[in-house]
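So you can see what is in the structure, the chains are spelled out below.
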Amino acid sequence: MNTKLHAICDSQGRPLDLFITAGQVSDYIGARALLSGLPSVKWLLGDRGYDADWLRDALQDKGIRACIPGRKQRKAPVKYDKRRYKRRSRIEIMFGRLKDWRRVATRYDRCPKIFLSAIALAATVIYWL
């Protein structure tokens, strides 16, 4: 009953790709799953949970610059554009709007596939219709 939703959003905060993992699984699993579906963009904004050297290298190979703050336990701090990172609030707003749907917020569905379908339906209605 515990899951994490990973999403790729465009610059306006509309979800493009969604992926669900178990709640206790690292965010790296979601990042690896969504990496192949990244559109051609200049920047990728992510939170501290996605801070990994392999992800930064994979993004650099695709020509995407990472704006991900480093984890607190990193020995060498990672530089990132703090001004650009503030735009990540659009992504948080997207998650909040999805949770406005009662079925998504309270997680009525026990099966992750059906729960992801409910999220996809909510995202379609909210952002694409």
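This structure is a prediction, so every number in the text was calculated from the model and none was measured.

Note that Asp-10 resides in the loop between strand E1 (3-9) and strand E2 (15-22). One polar contact links Asp-10 to Arg-14, side chain to side chain, over a distance of 2.7 Å. Once residues within four sequence positions are removed from consideration, Asp-10 is found in contact with Leu-16 and Trp-128.

Sequence positions flagged by UniProt for "transmembrane region" (unreviewed entry) are, in local numbering, residues 111-128. Split by type, residues 111-128 is 94% helix and 0% strand. Its first and last C-alpha atoms lie 25 Å apart.

In this sheet, E2 lies alongside E1 in antiparallel orientation, the contact comprising seven bridges. Its bridge partner lying in E2, Leu-5 is registered against Ile-20. From the end of E1 to the start of E2, which pair antiparallel, there are five residues, and Gly-13 there has a positive phi angle of about 85°.

Turning to the packing of helix H4 (residues 89-98) against helix H6 (residues 112-128), a few remarks are in order. Put simply, H4 and H6 touch, their axes get as near as 10 Å, and they point 110° apart. One finds that H4 runs roughly perpendicular with respect to H6. Along its contact with H4, which presents Ile-93, Met-94, Arg-97 and Leu-98, the element H6 presents Ile-119, Ala-122, Ala-123, Ile-126 and Tyr-127. Class assignment of the residues belonging to the contact of H4 with H6 gives a composition of eight nonpolar, no polar and one charged.

Our next topic: a positive patch on the surface. A contiguous patch of positive charge, built from Arg-83, Lys-86, Arg-87 and Arg-90, is present on the exposed surface. Examined against the element boundaries, Lys-86 turns out to sit in the loop between helix H3 (82-85) and H4. On the basis of relative accessible area, Lys-86 is assigned to the exposed category, the value being 66%.

Below, the discussion takes up the pattern of salt bridges. Applying the stated criterion across every chain yields a total of eight salt bridges. The shortest N-O distance in the salt bridge between Arg-74 and Asp-53 comes to 2.8 Å. Here Arg-74 is found in the loop between strand E4 (65-67) and H3, whereas its partner Asp-53 is found in helix H2 (residues 53-61), with 21 residues between them in sequence. A salt bridge links Glu-92 to Arg-88, with the shortest nitrogen-to-oxygen separation between them at 2.8 Å. On the basis of relative accessibility, which here comes to 40%, the residue Glu-92 falls in the partly exposed class. Among the charged side chains, a network of salt bridges with common partners joins Asp-51, Asp-53, Arg-56 and Arg-74.

Cut-offs applied
- Residues numbered from 1 in each chain as written.
- Predicted model: local features only at pLDDT ≥ 70, side-chain atom pairs only at ≥ 80, totals over all residues.
- Heavy atoms only, no water.
- Helix = DSSP H or I, 4+ residues; strand = E, 2+ residues; numbered from the N terminus.
- Polar contact = N/O pair within 3.5 Å; in protein donor to acceptor, adjacent residues only side chain to side chain.
- Contact = heavy atoms within 4.5 Å.
- UniProt positions renumbered as here; feature names shortened; annotations may be inferred.
- Pairing = 2+ DSSP bridges.
- Axes fitted to C-alpha atoms, helices over the stretch in contact; angles between N-to-C directions.
- Parallel < 35°, antiparallel > 145°, perpendicular 65-115°, else oblique.
- Nonpolar A, V, L, I, M, F, W, Y, C, P; charged D, E, K, R; others polar.
- Patch = residues over 30% accessible without salt bridge, like charges linked within 9 Å, V, L, I, M, F, W, Y side chains within 5 Å.
- Areas by Shrake-Rupley, 256 points an atom, 1.4 Å probe, with all protein chains shown as cover.
- Salt bridge = Lys/Arg side-chain N within 4 Å of Asp/Glu carboxyl O.
- Lys, Arg positive; Asp, Glu negative; His and termini not counted.
- Charge placed at Lys NZ, Arg CZ, Asp CG, Glu CD.
- Buried < 20%, exposed > 50% of the residue type's maximum accessible area, 1.4 Å probe, protein only.

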